[in-house]
Number of protein chains: 2
Amino acid sequence: MADHLRLKLDHYVRLSADDRARISTLAQCNIRHVRSRRDLIREGEQPQFVNLILDGWAVRHKMLEDGRRQIMAFLIPGDLCDLDVFILKEMDHSIGALTDITVAQLPREAFDEIGRKHPRMMQALKWDLLVQLAIQREWTINLGQRSAIERIAHLICELFARLKAVGLCVDGTCHIPITQTDLSEATGITPVHVNRVVQELRGEKLIEWKGREIHVPDMPALKRTAMFNDNYLHLEQDGAHLDASETGNAPPGGR
Amino acid sequence: MADHLRLKLDHYVRLSADDRARISTLAQCNIRHVRSRRDLIREGEQPQFVNLILDGWAVRHKMLEDGRRQIMAFLIPGDLCDLDVFILKEMDHSIGALTDITVAQLPREAFDEIGRKHPRMMQALKWDLLVQLAIQREWTINLGQRSAIERIAHLICELFARLKAVGLCVDGTCHIPITQTDLSEATGITPVHVNRVVQELRGEKLIEWKGREIHVPDMPALKRTAMFNDNYLHLEQDGAHLDASETGNAPPGGR
DNA sequence: CGTCCCCTTGAATGAAGTCAATACGCGTGG
DNA sequence: CCACGCGTATTGACTTCATTCAAGGGGACG
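Residues numbered from 1 in each chain as written. Chains lettered and ligands numbered in written order. Predicted model: local features only at pLDDT ≥ 70, side-chain atom pairs only at ≥ 80, totals over all residues.

### Some details on the overall build of chain A
Test applied: Runs of H or I in DSSP of at least four residues are treated as helices and runs of E of at least two as strands, each being numbered from the N terminus. In this treatment the radius of gyration is a C-alpha quantity, and the globule benchmark scales as 2.2 Å times the residue count to the 0.38 power. Contact criterion: two residues are in contact if their C-beta atoms, reconstructed from the backbone, are within 7 Å.
Each helix and strand counted, chain A has eight helices and eleven strands in total. Taken over the C-alpha trace, chain A has a radius of gyration of 18 Å; the compact-globule value for 255 residues is 18 Å, and the two agree within 12%. In terms of its C-alpha atoms, chain A occupies a principal-axis envelope of roughly 55 × 40 × 30 Å. A separation threshold of at least 6 residues defines the contact pool for chain A, and within that pool the share at least 24 residues apart is 75%.

In structure tokens form, the structure reads like this:
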């Protein structure tokens, strides 16, 4: 099933039954499994498919010459990994599996066909790309302006919002299979300091983190300490205004 | 003239004479002037045009509730500002003018027409969007992993590469109309500390910065201290492989 | 039951931030 | 032509948040 993708796109535009059926069939393409801590795709490669994550978590990451590593994005079920594949010549970063993952490898023709027969779904995919850009900008703010505790709180808020959008958050609890080291590589903070900050968040009853489960008992409070505003995720079906337009020839990413 | 845009797109794909002619006419759309330090577009608005910068510099920026401000991108001549306009409901950030600027306000129809009649140019615009994403990811690395001196050196390398691609770098010198305060808001460093780092870069003969001109006498040396690798800009016309494909129905951003 | 990975804690160090004052360059107006 | 004002750049002294170094603890798994 590609249920997570469908749930996400449902937040963007109003999909037809036909669109939904098409999304389900996407998950039957060319399934691939990748073990935890392996790379799906490496910097420099030019893969021939777009990977849709069906199950498990992955990261976009890049290593500097001297070994420092930055995680630039977390990819969760319903996310498409390698947008660039059919345009850019090669990957400028790698994608690694955080857990064992299952992906569907979508061929170019699938997208050509969506463009022809499912214009609204195409709009939703463009929307998704723009949201990725917005998320990346928000990370820039996070790393540039926020303190360690704010950064981590903000990231947790974001992950909760995204997981909720794909149906992976129940009762204020999410399965979030990342280590404190992963978190440190995403936030640009030392693992040791991440640990201290996590203790602090626990001390203030803002999060409960045990094993791979994070529970947020008081989301408004967490959002306040993170100064989190979810507008950049562009969820909440504010895309109803697209319903009228079915043109297939919108600008790149839908300018 | 929209010469800067044409020069940039030339780095991505092989444009036809017809495409080039079309780009030139873009610059005749609906010209608007904005004074230095004013916003072109504010967070929350939904503008009706895509702004193409013909002359001057702008920034994407966002302010936190408590007044901290982050610059998330520098926009130079040839850049398109507000991709989201025809898809997303409202801006999640603002765009401000660093200098007096001139923009062409492109209507939706212009893009519809490009999609129909200039497929290769459309590819180039999608490419440009993906490069923006890549730049934003690189900023994430910059802020997350690099020291103050590396960050500033890296940003200067990036600006030089981008300016060169649109014909605005001569003899290792660029006109870069930003203050040290702007630089501090882009790199997440204090203005005071930016100053010290700039002194240090001067001391090591890596840059000469006077007024609004920056000269880099030894680019390889600057790149070394920044650990700069330009692969993420995807310049160098590696898009020749797109020449064969003229389909208008590529996926969003060209997946 | 040992080993590996991850989490935790303490103490010392350091890079960048803060506070505060001064200097420079440039356009305006007397 | 010079004084004034304003934004920007510069410098010094002190502080702090986060890093570094180092060591110990706990749980899962073979």
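### Quick look at the protein's contact with DNA strand C
Our working rule: By definition, a residue lies near a molecule or strand provided its backbone-derived C-beta atom is within 6 Å of it. When residue character is reported, Ala, Val, Leu, Ile, Met, Phe, Trp, Tyr, Cys and Pro are called nonpolar, Asp, Glu, Lys and Arg charged, and the others, Gly included, polar.
Around DNA strand C lies a shell of 14 residues, among which A:Gln180, B:Ser147, B:Ala148, B:Thr190 and B:His193 are the nearest. Broken down by secondary-structure element, the contributors of at least two residues to the surface near DNA strand C are α6 (180-187) and α7 (191-203) of chain A together with α7 (191-203) of chain B. The element contributing the most residues to the surface near DNA strand C is α7(A), with five residues. Looking at the surface near DNA strand C residue by residue, the classes come out as five nonpolar, eight polar and one charged.

### Brief notes about helix α3 (residues 108-117) of chain A
Formally: Partly exposed residues are those whose C-beta has more than 12 but fewer than 20 other C-beta atoms within 10 Å; with 20 or more the residue is buried, with 12 or fewer it is exposed, and the C-beta atoms are placed from the backbone. Regarding the arc, it is the one traced by the directions from the helix axis to the C-beta atoms.
Restricting attention to buried positions, one finds in α3(A) the residues A:Ala110, A:Phe111, A:Ile114 and A:Gly115. The arc enclosing the buried residues of α3(A), seen along the axis, measures out at 140 degrees, which places them on a common side.

### Points about the protein's contact with DNA strand D
Within the structure, DNA strand D sits among 14 residues, and A:Ala148, A:Thr190, A:His193, B:Thr179 and B:Gln180 are positioned closest to it. Elements represented by at least two residues in the surface near DNA strand D include exactly α7 of chain A together with α6 (180-187) and α7 of chain B. Top contributing element to the surface near DNA strand D by residue count: α7(B), with five residues. Along the lines of polarity and charge, the residues of the surface near DNA strand D split into five nonpolar, eight polar and one charged.

### Description of the nonpolar core
The following threshold applies: Throughout this description, the term nonpolar core refers to a group of buried Ala, Val, Leu, Ile, Met, Phe, Trp, Tyr and Cys residues whose C-beta atoms join them within 7 Å.
The biggest cluster of nonpolar side chains holds 156 residues, and the ones touching the most others in it are A:Leu52, A:Ala58, B:Leu52 and B:Ala58. Once you skip the residues sitting within four places of it in the chain, B:Ala58 turns out to touch B:Leu40, B:Ile53, B:Leu75, B:Cys81, B:Ile95, B:Gly96, B:Ala97, B:Leu98 and B:Ile101.

### Here we look at the sheet that holds strand β10 (residues 208-210) of chain B
Residues and elements named next belong to chain B. Filter applied, for reference: Two strands form a pair only when DSSP identifies at least two bridges running between them.
Pairing is antiparallel across the open sheet formed by four strands, whose spatial order is β8-β9-β11-β10. In this open sheet, the two strands that pair with only one neighbour each are β8 (169-170) and β10. Sheet analysis places strand β9 (residues 173-175) next to strand β11 (residues 213-215), joined by three bridges and oriented antiparallel. Note on β11: the bridge partner recorded for Cys174 is Ile214.

### Digging into the environment of A:Arg42
Residue and element names in this part refer to chain A. Tracing the chain through its elements places Arg42 in the loop between β2 (39-41) and β3 (50-55). As for Arg42 and Gln105, which are separated by 63 residues in sequence, their C-alpha atoms are 16 Å apart. Residues in contact with Arg42, not counting those within four places in the same chain, are Met91 and Ser94.

### Re the pairing of strand β3 (residues 50-55) of chain B
All names here are of chain B. Of all six residues that make up β3, five are buried, and the element is covered over most of its length. Relative to strand β7 (residues 101-106), β3 is paired through five bridges, and the arrangement is antiparallel. The residue bridging Asp55 from the neighbouring strand is Thr102, located in β7.

### Observations concerning the sheet that holds β3(A)
Residues and elements named next belong to chain A. Under the convention used in this document: All axes here are fitted lines through C-alpha atoms, helices being fitted over the stretch that makes contact, and every angle between N-to-C directions spans 0 to 180 degrees.
Strand order across the open sheet formed by three strands is β1-β7-β3, with antiparallel pairing between neighbours. Because the sheet does not close on itself, it has two edges, and the strands there are β1 (31-34) and β3. Averaged over all pairs of adjacent strands, the angle between their axes in this sheet comes to 35 degrees, without regard to strand direction.

### Points about the packing of α6(A) against α7(A)
Residue and element names in this part refer to chain A. Defined as follows: Reported orientations rely on four angle classes, namely roughly parallel under 35 degrees, roughly antiparallel over 145, roughly perpendicular from 65 to 115, and oblique for the rest.
Between α6 and α7, the least distance of the axes is 8 Å, while the angle of their chain directions is 105 degrees. By the angle between their directions, the pair α6 and α7 is classed as roughly perpendicular. Contacts between α6 and α7 pair Gln180, Thr181, Leu183 and Ser184 from the former with Pro191, Val194, Asn195 and Val198 from the latter. A per-class count over the contact of α6 with α7 returns four nonpolar, four polar and no charged.

### Section: the confidence of the model for chain A
This is how it is decided: Values of pLDDT, the confidence the predictor places in each residue, fall between 0 and 100.
When pLDDT is averaged across chain A, the result is 91; 92% of the residues are at 70 or more. Predicted confidence for residues 244-255 of chain A stays below pLDDT 50, and this span has 45 contacts to residues more than four positions away or in other chains.

### Side note on the packing of helix α5 (residues 148-165) of chain B against α7(B)
All names here are of chain B. Contact pair α5 / α7: the axes reach a minimum separation of 10 Å and the direction vectors enclose 75 degrees. With respect to α7, the axis of α5 lies roughly perpendicular. Residue-level inspection shows Ala148, Ile149, Ile152 and Ala153 of α5 in contact with α7, the latter providing His193, Val194, Val197, Glu200 and Leu201.

### Quick look at the environment of A:Ala2
All names here are of chain A. On the secondary structure map, Ala2 appears in the segment before α1 (3-10). Here Ala2 falls in the buried class, since 24 other C-beta atoms lie within 10 Å of it. Spatially, the C-alpha atom of Ala2 lies 25 Å from that of Asn231, the residues being 229 residues apart in sequence. In this structure Ala2 touches Ile23, Ser24, Leu26, Ala27, Leu52 and Leu54, once residues within four positions along its chain are discounted.

### What about the environment of A:Val59?
All names here are of chain A. Within the element layout of this structure, Val59 appears in strand β4 (residues 58-63). Along the chain, Val59 and Leu83 lie 24 residues apart, while their C-alpha atoms are 14 Å from each other. The residues touching Val59, leaving out its near neighbours within four places in the chain, are Ile71, Ala73, Phe74, Leu75, Gly96 and Leu98.

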